[in-house]
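Chain by chain, the residues:
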Amino acid sequence: DVKVTQSSRYLVKRTGEKVFLECVQDMDHENMFWYRQDPGLGLRLIYFSYDVKMKEKGDIPEGYSVSREKKERFSLILESASTNQTSMYLCASSSPTGGAGEQYFGPGTRLTVT
Amino acid sequence: AQSVTQLDSQVPVFEEAPVELRCNYSSSVSVYLFWYVQYPNQGLQLLLKYLSGSTLVESINGFEAEFNKSQTSFHLRKPSVHISDTAEYFCAVSDRPGNTPLVFGKGTRLSVIA
């Protein structure tokens, strides 16, 4: 089975802190994604990556950056956390070959910024 | 660009009653369609997918969805729900499998009442 793990299930940070959210997948998937999930808004794509050291902006990249130094790891960085970044963050991975590109999700990190 | 509309944000239903969760997508020549389920405090899990072939697809836990090209719909149904089906359900679409992120609807919260 595909396994996507996220470094923390719950995280509390202060306004202005630099925050790192880590995601690791064990299925050698080329594609990785970061979403945030908010009530009534569904999933919104922040950034995605097709390969190591490659990244593409999603729908809401402002206030975030990403890093992909190794194929299995995709990090989301909040340079200076703000209260409006309090949310559930979901990481996903997929393969561009085989299947229909379905994405496999981690358990999520619930981030609270105070 | 693709878009997905889930017409109901919340659907309450009594246990053992049938349920239909509605999903419509914007038109495209060909699409790949997905339903994901999210149980409380968990990530998203793939429930079922349509790639091609038979327009009716089934999941292992009794859900089914029917691809209707003329109505651009992919509604999810279950003839008899259980308490354990209480979750949020997301419809997603892709028109280019591979290096294209899925486009998700805003989700439908299914609440099964004993």
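As shown above, the structure is provided for reference.
Bear in mind the structure is a predicted one, so any value in this text is a computation, not a measurement.

Draft legend 1. Here's a closer look at the interface of chain A and chain B. Contact with chain A, which involves 23 residues of that partner, is made by 22 residues of chain B. Remark: the boundary between chain A and chain B carries one salt bridge. The closest approach of N and O atoms between A:E102 and B:K49, which form a salt bridge, is 2.5 Å. At the junction of chain A and chain B, the tally comes to six residue pairs in polar contact (both at pLDDT 80 or more). Only β4 (31-38) and β5 (42-49) of chain A provide two or more residues apiece to the side of chain A that touches chain B. Here the residues of the side of chain A that touches chain B are counted per class, giving 13 nonpolar, seven polar and three charged.

Draft legend 2. Quick look at empty space enclosed by the protein. Summed over all chains, the structure comprises one cavity of 30 Å³ or more. Counted as a void, the largest cavity has a volume near 40 Å³. Of the residues that constitute the lining of the largest cavity, the class distribution is two nonpolar, two polar and two charged.

Conventions used here
Residues numbered from 1 in each chain as written. Chains lettered and ligands numbered in written order. Predicted model: local features only at pLDDT ≥ 70, side-chain atom pairs only at ≥ 80, totals over all residues. Heavy atoms only, no water. Contact = heavy atoms within 4.5 Å. Salt bridge = Lys/Arg side-chain N within 4 Å of Asp/Glu carboxyl O. Polar contact = N/O pair within 3.5 Å; in protein donor to acceptor, adjacent residues only side chain to side chain. Helix = DSSP H or I, 4+ residues; strand = E, 2+ residues; numbered from the N terminus. Nonpolar A, V, L, I, M, F, W, Y, C, P; charged D, E, K, R; others polar. 1 Å grid on protein atoms, 1.4 Å probe; cavity = no way out; pocket = protein on both sides within 12 Å on 5 of 7 lines; lining within 4 Å. Points joined across faces, edges and corners; volume = space filled by probe spheres on them.

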